[in-house]
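# Summary of structural features
Listed here are the chains, written in short residue letters.
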Amino acid sequence: MADLTPTPDRPGIHVSKPSPNAPATGSAVCHCGATATATGDNQVRALVEGYTANHGSGHGRTGR
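Residues numbered from 1 in each chain as written. Predicted model: local features only at pLDDT ≥ 70, side-chain atom pairs only at ≥ 80, totals over all residues. Heavy atoms only, no water.

Here we come to the overall build of the chain. Assigned secondary structure in the chain consists of one helix and three strands. Each helix and strand of the chain, placed in order from N terminus to C terminus, yields the pattern β-β-β-α. Taking all 64 residues of the chain together, 25% fall into the buried category. Within the chain, contacts between residues separated by at least 24 positions form 23% of all contacts whose residues are at least 6 apart in sequence. Summed over all atoms, the accessible surface of the chain reaches about 4,500 Å², with 53% contributed by carbon and sulfur. (Helix = DSSP H or I, 4+ residues; strand = E, 2+ residues; numbered from the N terminus. Buried < 20%, exposed > 50% of the residue type's maximum accessible area, 1.4 Å probe, protein only. Contact = heavy atoms within 4.5 Å. Areas by Shrake-Rupley, 256 points an atom, 1.4 Å probe, with all protein chains shown as cover.)

Below, the structure is given as structure tokens:
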């Protein structure tokens, strides 16, 4: 399987939860340079909500 971890060259968000009993992990990289990681279901949920609201397609590529 390909490495799905986001990088500055391939921005995005990646979430993993290998089993129902394991904590979720997540990482995000935006084209603006912002990065974040999270461990635990609630923290990953907050990471996804924050990235969705403020990064990725949430803001233009012109402003850094």
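Still more to cover.
Turning our attention to the sheet that holds strand E2 (residues 25-29). Taking strand neighbours across the sheet as the criterion, the three strands line up as E1-E2-E3 in an open arrangement whose pairing is antiparallel. A strand with exactly one partner marks an edge of an open sheet, and here the two such strands are strand E1 (12-16) and strand E3 (35-39). On average, adjacent strands in this sheet sit at an angle of 5 degrees to one another, irrespective of strand direction. Strand direction decides the pairing type here: E2 and E3, joined by five bridges, are antiparallel. Bridging across to E3, serine 27 finds its partner in threonine 37. This element, helix H1 (residues 41-54), spans E1, E2 and E3 of the sheet and lies at about 20 degrees to E2. (Pairing = 2+ DSSP bridges. Axes fitted to C-alpha atoms, helices over the stretch in contact; angles between N-to-C directions.)

With that out of the way, let us pick up the environment of proline 8. Turning to its location among the elements, proline 8 is positioned in the segment before E1. Separated by 20 residues in sequence, proline 8 and alanine 28 place their C-alpha atoms 9.7 Å apart.

Moving on, we get to the environment of asparagine 54. With respect to the helices and strands, asparagine 54 occurs in helix H1. Separated by 24 residues in the primary sequence, asparagine 54 and cysteine 30 place their C-alpha atoms 9.5 Å from one another.

Counted by the stated rule, this structure contains one salt bridge. Ionic pairing is found between lysine 17 and aspartate 41, a salt bridge with its closest N-O pair at 3.0 Å. One end of the pair, lysine 17, is in the loop between E1 and E2; the other, aspartate 41, is in helix H1, and 24 residues separate them in sequence. A residue is classified by how much of its surface remains accessible, and aspartate 41, at 34% relative accessible area, is partly exposed. (Salt bridge = Lys/Arg side-chain N within 4 Å of Asp/Glu carboxyl O.)

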